[in-house]
Amino acid sequence: MQALTSRGKEVSRKPMSFMERLYIPSILKGMAITFSHIFKKQPTIHYPEQKREFSPVFRGLHVLNRDEEGRERCTACGLCAVACPAEAITMEGAERLEGEENKYREEKYAAKYEINMLRCIFCGLCEEACPKDAIYLSETFAPANFTRKGFIYGKEDLLIPDPITAPEEFAKARGAHRNN
Amino acid sequence: MSDSTLFKVTIDNITIEVPAGTTVLNAARKIGGEVAPPAMCYYSKLEGSGGKCRTCLVEVSKGSEKDPRPMPKLVASCRTTVMDGMEVKNITSEKVIDARNGVVEFLLINHPLDCPVCDQAGECHLQDLSYEHGKEGTRYEFQRRTFKKHDIGPYIQLHMTRCILCYRCVYTADQLTNKREHGILDRGDHAEIATFIEKSLDNDFIGNVIDVCPVGALTDKTFRFKNRVWFLKPMDAHRDCPTCSGKVTLWNRGDEVFRVTARKDQWGEVEDWICNTCRFEKKKTSDWVIEGPRMIDRHSVISQGHYAGNVGTTIPTETFEKVHNGRQPNLLMDIHDVSNVNKQHIRLSLLERPAHSTDFTPNQD
């Protein structure tokens, strides 16, 4: 039969020599390799105490953004939902009433905004489609949950903390590379 | 010259014979496709419309058989009638494309770029036109014109800032209703559509101004902010209406009727005028006899997401029960139990006004 690759090696059927039958040199050789790793650089980290930095293009959990005055930026234009290849986003728009100008940036806003994290594939197309800079993908994972219900994220889960009343949480939610 | 005289006219190297007195625009529409110039103000069903927006500019490279000189300037095709042997260049002329780009940019100077908020987005002629010409951005750095807000009744929302002064709604009110109550006040930059002394428009057919408006200046208040057109499914339907033809397009989400509009043809013009009762008050599926899904241009954003339901396609039959001896599929999670969107007890489509924060109180969830 013709060999499939040129790297094939014939199995050696020769009986083992005396040195090979002793086994000890081979064991010592193996242990030398093992112990030499003590002095090498560790490729792993101690995860919960230490955390690796995300790459700047990492796409994690969604955040609904607010503007510098703490008003919601989303206007429920539906472009994220139409761009979403997994059809994970749904929303319901509403008209801003008088007296709500400090809560919503434009006269239309999303009264309901939901992302189904079971469906979401974290592709970031919603972020790209958003004309109002209202949604972006942060540097956190979607945390694990015991029920499927827990993965339907509503507006209260997604909305970023208010930059005026809670500036520290706001800066934390914005993530490191957005603050710099 | 009798009406039966046929004139030979060549538009973009396509020759067609049309009766004398036909405008260049209508001759081009007979050919169809990309040859037909866009029109923002001309409306074939409204007498006297046209000649205002200048988007239908064409180049006449040969005046007629008798006088073959080209016309010195670009002409508005909706107002220019054909001559025998006329040669017209529309998309084959660089001059026309260039001029049209300029016109689009001028139309957008005072038009706010608030498409994310505007209910017309997705079916807006100005939006289509600007994207077709690559002018969706703006170079304008100054304050756009603003107006005092007028309340023109419970059904129609007027956004004067978005108006491009095409006069279509004025002609509609003039020709469809007995008494026109709104018109254009002031001149030049101050010109605005208004009812004199903020009088509310109440006429059986006044709702048609929403359909004729090429931009989002006149929109349906009963549909305002409730949904985006591309998430709705247009269905042809009719009802026995004593005042109008009753032939409409329903815009459904599930079995909810979010909006009722007149049927629009390929030029975006309504086929039959419909009355206010049909448009604003019949928001239940049981009010209508549904004929079938409306054919929407494949390139329109409205046709996205309609996997099944275009004319000629059928919804695939569910085989699960048959295969599993009548057993229903075990659902691990019913999204309607968990999701707060589209709650069964909150029927947004039945609200006569836009939804407010008061409609979404936390204890309702």
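Criteria and cut-off values
- Along each chain, numbering runs from 1 in the same order as the chain's sequence is written.
- All chains are assigned letters beginning with A, and all ligands numbers beginning with 1, in the order in which they are written.
- Reporting of local features is limited, given that this is a predicted model, to residues whose pLDDT is at least 70; pairs of side-chain atoms are given and counted only at 80 or more, and all residues count toward the totals for whole chains, interfaces and linings.
- A run of H or I in DSSP becomes a helix once it reaches four residues, and a run of E becomes a strand once it reaches two; helices and strands are each numbered from the N terminus.
- Think of it as a crowd count around each C-beta: if 20 or more other C-beta atoms lie within 10 Å the residue is buried, if 12 or fewer it is exposed, and in between it is partly exposed, with C-beta placed from the backbone throughout.
- Any two strands with at least two DSSP-identified bridges between them are counted as paired.
- What counts as a contact here is a pair of residues whose C-beta atoms, placed from the backbone, lie within 7 Å.
- Ten residue types, Ala, Val, Leu, Ile, Met, Phe, Trp, Tyr, Cys and Pro, are classed as nonpolar, four, Asp, Glu, Lys and Arg, as charged, and the remainder, Gly among them, as polar.
- The axes used here are C-alpha line fits, helices contributing only the stretch in contact, and every angle between their N-to-C directions lies in the interval 0 to 180 degrees.
- Every residue is assigned a pLDDT by the predictor, reflecting its confidence on a scale from 0 to 100.
- In this document the domain limits rely on a domain assignment from an automatic tool or a database.

Looking only at helices and strands, chain B has eight helices and 13 strands in total. Taking the principal axes of the C-alpha coordinates as reference, chain B spans close to 80 × 55 × 45 Å.

Residues and elements named next belong to chain B. Among the seven residues that make up strand S11 (residues 247-253), five are buried, leaving the element largely enclosed by the rest of the structure. One ladder, built from six bridges, connects strand S10 (residues 233-238) with S11; its direction is antiparallel. Bridge assignment links His-238 to a residue of S11, and that residue is Lys-247. Sheet analysis places S11 next to strand S12 (residues 256-262), joined by six bridges and oriented antiparallel. Bridge pairing in S12 places Leu-250 opposite Val-260. In sequence, S11 turns back onto S12 through a hairpin of two residues, with Gly-254 there showing a positive phi of about 60°.

With 25 residues of chain A at the interface, the matching set in chain B holds 22 residues. Every element with two or more residues in the side of chain A that touches chain B is listed here: helix H3 (79-83), strand S2 (89-95) and strand S3 (108-116) of chain A. Ranked by residue count, the leading element in the side of chain A that touches chain B is S2(A), at six residues. In the side of chain A that touches chain B, the residues fall into nine nonpolar, five polar and 11 charged.

With that out of the way, let us pick up the sheet that holds strand S13 (residues 289-293) of chain B. Residue and element names in this part refer to chain B. Read across the sheet, four strands follow the order S12-S11-S10-S13 without closing on themselves; strand pairing throughout is antiparallel. Edge positions in the sheet fall to S12 and S13, since each has one partner strand and no second. Averaged over all pairs of adjacent strands, the angle between their axes in this sheet comes to 35°, without regard to strand direction.

So, about the confidence of the model for chain B. Across chain B, the average pLDDT comes to 86, with 93% of residues at 70 or higher. In the predicted assembly, ipTM is 0.82 and pTM is 0.83.

Moving on, we get to the environment of B:Leu348. Inspection of the secondary structure puts B:Leu348 in the segment after helix H8 (335-338). Separated by 119 residues in the primary sequence, B:Leu348 and B:Val229 have C-alpha atoms spaced 15 Å apart. Filtering out sequence-adjacent residues up to four positions away, B:Leu348 remains in contact with A:Glu92, B:Lys226 and B:Ala355.

Attention now moves to the pairing of strand S3 (residues 57-62) of chain B. Residues and elements named next belong to chain B. Relative to strand S4 (residues 75-76), S3 runs antiparallel, the two sharing two bridges. Within S4, the position partnered with Leu-57 by the bridge is Ala-76. Pairing of S3 with strand S5 (residues 86-89) involves three bridges; the strand directions are antiparallel. What sits directly across from Glu-59, in S5, is Lys-89.

Right, let's talk about the sheet that holds S3(B) for a bit. Residues and elements named next belong to chain B. Taken together, the five strands give an open sheet; going across it, the order is S2-S1-S5-S3-S4, and neighbouring strands pair in mixed fashion. Strand pairing shows two members of the sheet lacking a second neighbour, strand S2 (14-19) and S4, which therefore form its edges. Contacts from helix H1 (residues 24-31) reach strand S1 (6-11), S2, S3 and S5, with the element oriented near 120° to S2. Across the sheet, helix H2 (residues 94-107) lies against S3 and S5, angled at about 160° from S3, the strand it touches most.

Turning our attention to the domain arrangement of chain B. Residue and element names in this part refer to chain B. Here chain B is partitioned into domain 1 (6-105), domain 2 (125-220) and domain 3 (226-365). Taken together, the 10 residues of domain 2 in the interface contact 12 residues of domain 3. The residue makeup of the side of domain 2 that touches domain 3, split by class, is four nonpolar, three polar and three charged.

As a further point, take unusual backbone geometry. If you check the backbone angles, A:Tyr23 has positive phi at about 70° while not being a glycine. Of note, A:Tyr23 is situated in the loop between helix H1 (18-22) and helix H2 (24-36). The class of A:Tyr23 is exposed, set by 10 C-beta atoms lying within 10 Å. One non-glycine residue, B:Asn13, lies in the positive phi region at around 70°.

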